[in-house]
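Here is how the chains run, residue by residue.
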Amino acid sequence: MSAEDRPAPDSRSAIPDGVAIKCAACKEVIFAREHERSGRICPHCQHPSPLSADERIRFIVDPDSFEPIAVAQGVAGTAAIGDLRCAVGAVDADAVAATEDTAAHVLRALLQTHMPAALFCAGGVGVSGSAKPDATRLRTHKALHRHGAARLPYVLVITDPHAEHGLLTGAPMGDIVLAETPVRHMPAVTQPRQGATAEHPFVDAHVPRAEMRQELAKLLNFLAQPGDTDGERQD
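Rules used throughout
- Residues numbered from 1 in each chain as written.
- Predicted model: local features only at pLDDT ≥ 70, side-chain atom pairs only at ≥ 80, totals over all residues.
- Heavy atoms only, no water.
- Helix = DSSP H or I, 4+ residues; strand = E, 2+ residues; numbered from the N terminus.
- Buried < 20%, exposed > 50% of the residue type's maximum accessible area, 1.4 Å probe, protein only.
- Pairing = 2+ DSSP bridges.
- Contact = heavy atoms within 4.5 Å.
- Axes fitted to C-alpha atoms, helices over the stretch in contact; angles between N-to-C directions.
- Core = buried A, V, L, I, M, F, W, Y, C linked by side-chain atoms within 4.5 Å.

K.L.:
Residue-level account of unusual backbone geometry, with values.
P.N.:
At D83, a residue that is not glycine, the phi angle is positive and equals roughly 75°. By the secondary structure assignment, D83 is in the loop between β4 (75-81) and β5 (84-90). A relative accessible area of 73% places D83 in the exposed class. Its identity is not glycine, yet H114 carries a phi of approximately 60°, on the positive side. Mapped onto the elements of the fold, H114 is located in the loop between α3 (100-111) and β6 (117-121). By relative accessible area, which is 62% here, H114 ends up exposed.

Shown next, in the form of structure tokens:
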């Protein structure tokens, strides 16, 4: 068959670069714009792809409500989540940026606002097992104590728990500790508690990314109400 006789390629089947991507889990094709709007959640299998700190903030806060606070790494600022004004921060979930020191710096910036606070990171800031915690962790612990004494809530959302991100070095600190990663993919010590005799009490609940904004708004609103607690986590 000569070149003249060959049928022209069907341009309708060609997808321009950047218009669609393949889900890393189920390999189905997803339109990129739809993927971005959904918080990088696959519509076929619900697999959550990694989010950068900036993407995380855009997905979780009310539109056009974010006002940044200067931090060396990560993202921090004040915003509305479900109409409640609060401080919110995020740390990129990679082995370099998601260290506990980075999370501690972002958390202290949030606590200085004297507002209800939420932090998204791989491991969080934990209770050290050592007798003498380092200066960064000590300053953060003191800031958390002042935050709790002022009856202001702090919710930690663990986005990518694994041994390299510091979660396994100690219990993560927060009035409520949520985990976004599906429970079956989490290390055993981060499994949600089940009653008073739970073997692994580090995580209070797993919340899918699609439900995180609604759940976080509900928790922050509830915890910000005047009550009888002293700001300490109730076990």
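K.L.:
Account for the pairing of β6, naming residues and giving values.
P.N.:
The buried fraction of β6 is high, at 5 of 5 residues. Where β5 lies against β6, 4 bridges are found, and the strand directions are parallel. If you follow A90 over to β6, its bridge partner there is F120. In terms of strand pairing, β6 meets strand β7 (residues 154-158) through 5 bridges, oriented parallel. In the strand pairing of β7, A118 is matched with V155.

K.L.:
How would you summarise the sheet that holds strand β8 (residues 176-179) if you had to cite specific residues and measurements?
P.N.:
Reading across from one edge, β3-β4-β5-β6-β7-β8-β9 is the order of the 7 strands in this open sheet, with mixed pairing throughout. Edge positions in the sheet fall to β3 (67-69) and β9 (205-206), since each of these pairs with one other strand and no more. As judged from the 7 bridges shared by β4 and β5, these two strands associate in the antiparallel manner. By the bridge assignment for β5, A80 is matched with R85. Sheet strands in contact with helix α2 (residues 53-60) are β4, β5 and β6, and its direction is about 160° off that of β5.

K.L.:
Just give me the short version of the nonpolar core, but keep the residues and values in it.
P.N.:
I81, V88, F120, L178, L216 and L220 are the most contacted members of the largest nonpolar core, which has 23 residues in total. Taken together, the elements giving at least two residues each to this core come down to α2, β4, β5, β6, β7, β8 and α5 (209-223). Discounting chain neighbours no more than four positions away, the residues touching L220 are I81, L84, C86, P116, A117, A118, P153 and V155. Of all hydrophobic cores here, the second largest spans 20 residues; its members include A109, L144, L156 and I158.

Note that all results are geometric; they support no functional claim without further evidence.
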